[in-house]
Amino acid sequence: MRLKLNITGLVQGVGFRPFVFRLAEELGLKGYVLNDTSGVLIEVEGGKERLDEFLLRVEKDRPGISKIYSLRHSFLEDAGFQKFEILESRAGEEKRALVLPDIAVCEECLTEVTAPKNRRFLYPFTNCTDCGPRFTIIERLPYDRKNTSMKNFLMCPDCQKEYNLPGDRRFHAQPDACHICGPLVSAYDRNANLLCRTDEAIERATNLIRRGHIVAVKGLGGYHLICDATNEGPVVRLRERKQRDEKPMAVMFPDLESIKKEAHLSMIEERAVRSIERPIVIVRKREKTILADSVSPDNATVGVFLPYTPLHYLILKKLKKPIVATSANISDEPIAKDEADAFARLSEIADCFLTHNREIVRRCDDSVVRIVSERQMPVRRSRGFAPLPLMLPFKFKKPVLALGPHMNNTIALGIDEKVFLSQHIGDLDTPLAMEYYEETIRDFLRLFDVKPEIVVSDLHPGYHSTGYGEKYFHDRLVKAQHHFCHILSCMAENEVPEDVRVTGFAFDGTGYGTDDTIWGGEVLVASYRGFNRAYHLQPFKLPGGEKAVKEPFRTAFSLLYETFGERVRDFGFVPLSEEEKNFYINMMKKGVNSPATTSMGRLFDGVASILGLKHKASYHAQAAISLEQAALKSDETGSYQFVVKNNMIYQFPVIDRLVDDLIKGVDKEAIAKKFHNTVVEMILKISELIREETGIKTVALSGGVFQNALLLEDSFNKLRERGFTPLMHQSVPPNDGGISLGQAVYSRFL
Ligand code: ZN
Ligand code: ZN
Ligand code: FE
């Protein structure tokens, strides 16, 4: 296996390459290290365990004077290196100034903040050249103070001295500041009346959190809504006010030890939690935990993270217990970032506002990752990662703008061999979201100073992103099929060579097909240049169309009806009256508002509802998640039989057998597990069929359904055992957050 690392930071001219060389030699790894325009690039090959150790130690044992601002890694197929060597720096590359992501507060700065004699004692905006805000304060390049939202803060003589002193840790630290000259926090009540400032404000906010109140805290890339995570009352209140019924909320802990008390952390999960990007990491809760049930109800997992600014540290240090820290918005609107916006939108939610006077230039939500098959899979790629580019194995001939999809939107710019992916923008359902979307496009084009010659949108005529493309870039717009883009994104980040074809499993909720129907359970035989829809689920109807997303019982009823016909009237699995059953049957018979789909996401939803796990979803994919949660409780190894004929995957035999089990009284966890096993078997079987026919051994797994760790891990490991080369996501999410990358790649091979 090969481990690839892109590191940015102070890693040139500090003995970093010799250190990497020695470490690789010690671990018996082959490969190379070189300096490139953004830092160092390392590739090492060897066994997974040795590579994991390398990954941990390259951070831990690095030369004392080196600094890491970002470290991105992925595990790839080996390239057959013969030895380890230090290679010549890459020359001739265009120097495009990199905009760094926001960097978590460093140890030195934290020490200062907690040292009573230090002049920055308790100063919540302490930062240095090695840490602090970047992406969220930059207005334009070059990255100088006057081009950031620090421009209005005139440095005091002490800060100025540090800033000018070459040997100082704050030499040219653009956001350098202190109590005297820098941004300050203030506390306000919900009616925007000033309560108090500075230390007192933090004290006040913390006390309110302790007493069960909800506080809106202005952080790095937007406001968080914060409350005591160990107290049921405030967590439930926060859910009610935020109109967020059951979707899990992330929890920020004072330190690593306190996380370990509430959750199981593998070595790799621990690395992710501590990593400089400080993402939210989805991990398994302990049986006994002090976390309130309603933090992640009916869910064995919870998203945990560590503080990444001194302000968060100060709050948690006083509080000494975990807090819910969730994006400050109502349902799926963009996160609030300035005071006016926060007071307008959050006054009904928060009891108090802890804000500050450093402007957030652009929003950036927290990133979310999950560890699957001992690899780090992004669920949301945002703070800490954006806007660093992905390096592709090929070059764009013309600059491209990819507009992304509708859900979980991100946009992307393809320039040379780089793809700059935006922060998480989210679902484009509301006017506010569209405003944020358009802002982000203009922002990226300006920041990276590029005029796109090709613009790519989704094929879906109803997406606002497609509409945007048609309105502003009509003359250079191309449209790309959604599931092909999922597979392209997976191929590109895994560096699939140009002449290789893959079997791509694109399993997701919905995407617009080339035949104008709704796809979502697709097997594509694909190269970068095109695809052939080799297999897909047998289409089934969604009575009420899009409504089925929030009401999986509709899908369940349809699956049952198409499997059992009129007998469905006798079944009590779906909570419908006689009349309602007639209504839906008529709808489907007459084809009224009952579009057909091949969606794997809906199939998971529908099965969850048939099992009685979830008939209505209060957030995206909730029913499918409940099915995964149920399956995790079973060690059942059996499966049901999919029938694969011509290019169709028939799911009805599965529904038939599954209902049989249900009637027999087999427990739901076992059925849920059997269903998962069935989908894994189906992936294996179809991969075999395609390999026999074409010799294709590479299998890409993409689409939102593969956020299901059980399904992904099992498919990935078993494909490997059978001699395939499975590819999973490690740089962009498998969900629609990765579509913009796929779109950019699509334009390159037109
Ligand atoms: Zn620092
Ligand atoms: Zn100062
Ligand atoms: Fe999708």
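Residues numbered from 1 in each chain as written. Chains lettered and ligands numbered in written order. Predicted model: local features only at pLDDT ≥ 70, side-chain atom pairs only at ≥ 80, totals over all residues. Heavy atoms only, no water.

*Asks:* Describe the environment of H536, with residues and values.
*Replies:* Within the secondary structure layout, H536 lies in strand β26 (residues 530-537). In sequence terms H536 and L311 are 225 residues apart; their C-alpha atoms lie 50 Å from each other. If we skip the residues at most four places from it in the chain, H536 touches G521, E522, T598, N647, M648 and I649. (Helix = DSSP H or I, 4+ residues; strand = E, 2+ residues; numbered from the N terminus. Contact = heavy atoms within 4.5 Å.)

*Asks:* Describe in detail empty space enclosed by the protein, supporting the description with residues and values.
*Replies:* Using the criterion set out here, one finds nine cavities of 30 Å³ or more in the structure. Quantified by volume, the largest cavity comes out at close to 320 Å³. Lining the largest cavity are 21 residues, with R72, H73, S74, Q730 and S731 positioned closest to its centre. In this model, the second largest cavity occupies a volume close to 130 Å³. (1 Å grid on protein atoms, 1.4 Å probe; cavity = no way out; pocket = protein on both sides within 12 Å on 5 of 7 lines; lining within 4 Å. Points joined across faces, edges and corners; volume = space filled by probe spheres on them.)

*Asks:* Can you lay out the coordination of the iron ion (ligand 3) for me, pointing to particular residues and giving the numbers?
*Replies:* Bound to the iron ion (ligand 3) on the protein side are H482 (NE2), H486 (NE2), D508 (OD) and D736 (OD), at distances that span 2.1 to 2.3 Å. Along the chain, the residues donating to the iron ion (ligand 3) are arranged with the sequence spacing H-x3-H-x21-D-x227-D. Of the two residues, D508 is situated in strand β24 (residues 502-512) and D736 in the loop between β32 (725-727) and α22 (739-748); the sequence distance between them amounts to 228 residues. Assigned by exposure class, D508 and D736 land together as buried. (Donors = N, O, S within 2.8 Å, 3.2 Å for Na, K, Ca; no water. Buried < 20%, exposed > 50% of the residue type's maximum accessible area, 1.4 Å probe, protein only.)

*Asks:* I'd like a description of the sheet that holds strand β4 (residues 67-76), backed by residues and values.
*Replies:* Overall, mixed pairing links the five strands, which are arranged β4-β1-β3-β2-β5 in an open sheet. Edge positions in the open sheet fall to β4 and β5 (84-86), since each of these has one partner strand only. The average angle at which neighbouring strand axes cross in this sheet is 15°, direction not considered. Taken strand by strand, helix α2 (residues 48-60) contacts β1 (2-10), β3 (39-45) and β4, and its axis lies near 170° from that of β4. (Pairing = 2+ DSSP bridges. Axes fitted to C-alpha atoms, helices over the stretch in contact; angles between N-to-C directions.)

*Asks:* Now, about the layout of surface pockets: what can you tell me, with residues and values included?
*Replies:* Its volume calculated, the second largest pocket comes out at about 970 Å³. E59, R62, E107, R274 and R278 are, among the 32 residues lining the second largest pocket, the residues nearest its centre. Going through the elements one at a time, α2, β4, α3 (107-113), α8 (267-274) and α9 (310-319) are the ones with two or more residues in the lining of the second largest pocket. Of all the elements, α8 adds the most residues to the lining of the second largest pocket, at four residues. Considering only residue class, the lining of the second largest pocket consists of 16 nonpolar, three polar and 13 charged. The residue makeup of the lining of the second largest pocket includes at least three contributed by each of domain 1 (2-86) and domain 2 (185-356). (Nonpolar A, V, L, I, M, F, W, Y, C, P; charged D, E, K, R; others polar. Domains from an automatic or database assignment.)

*Asks:* Tell me what's going on with the sheet that holds strand β23 (residues 477-480), and back it up with residues and numbers.
*Replies:* Pairing is mixed across the open sheet formed by six strands, whose spatial order is β18-β21-β20-β19-β22-β23. Every other strand in the sheet has two partners, leaving β18 (389-391) and β23 as the edge strands with one partner each. Averaged over all pairs of adjacent strands, the angle between strand axes in this sheet comes to 25°, irrespective of strand direction. Of the pairings in the sheet, the one linking strand β19 (residues 400-402) to strand β20 (residues 412-415) comprises three bridges and is antiparallel in character. Bridge pairing in β20 links A402 to A412.

*Asks:* Give me the lowdown on a negative patch on the surface, citing residues and values where you can.
*Replies:* A contiguous patch of negative charge, built from D570, E578, E579 and E580, is present on the exposed surface. You can see D570 is positioned in the loop between α15 (552-564) and α16 (578-590). (Patch = residues over 30% accessible without salt bridge, like charges linked within 9 Å, V, L, I, M, F, W, Y side chains within 5 Å. Areas by Shrake-Rupley, 256 points an atom, 1.4 Å probe, with all protein chains shown as cover. Salt bridge = Lys/Arg side-chain N within 4 Å of Asp/Glu carboxyl O. Lys, Arg positive; Asp, Glu negative; His and termini not counted. Charge placed at Lys NZ, Arg CZ, Asp CG, Glu CD.)

*Asks:* I'd like to hear about the coordination of the zinc ion (ligand 2), residue by residue, with values.
*Replies:* The protein atoms that coordinate the zinc ion (ligand 2) are C156 (SG), C159 (SG), C178 (SG) and C181 (SG), at distances spanning 2.2 to 2.4 Å. Its four donor atoms give the zinc ion (ligand 2) angles of 104 to 117° at the centre, a pattern that matches the tetrahedral case. Written as a sequence motif, the donor arrangement for the zinc ion (ligand 2) is C-x2-C-x18-C-x2-C. Of this pair, C159 sits in helix α4 (residues 157-164) while C178 sits in the loop between α4 and β6 (185-189), and the two are 19 residues apart along the sequence. Residue classification places C159 among the buried residues on the basis of a relative accessible area of 0%. (Tetrahedral: all angles 85-135°; square planar, octahedral: opposite > 155°, others 65-115°.)

*Asks:* Describe the pairing of strand β13 (residues 301-305), naming the residues involved and giving the relevant values.
*Replies:* Successive residues of a regular strand alternate their side chains across the two faces of the sheet. Most of β13 is tucked away, with five of its five residues classed as buried. Burial along β13 is two-sided: T301, G303 and F305 and V302 and V304, pointing in opposite directions, are all buried. Pairing geometry for strand β10 (residues 251-252) and β13, over two bridges, is parallel. Across the sheet, the residue bridging to V251 is V304, located in β13. Pairing of strand β12 (residues 280-285) with β13 involves four bridges; the strand directions are antiparallel.

*Asks:* Could you give an account of the domain arrangement of the chain, naming the residues involved and the relevant values?
*Replies:* Once the domains are mapped, the chain shows domain 1 (2-86), domain 2 (185-356), domain 3 (387-485) and domain 4 (536-727). With centres defined by C-alpha atoms, the gap from domain 1 to domain 3 works out at 32 Å. Listed per partner, the contact involves five residues of domain 1 and four residues of domain 3. Between domain 1 and domain 3, the buried area comes to about 350 Å², and carbon and sulfur atoms account for 52% of it. (Buried area = accessible area lost by both parts, 1.4 Å probe.)

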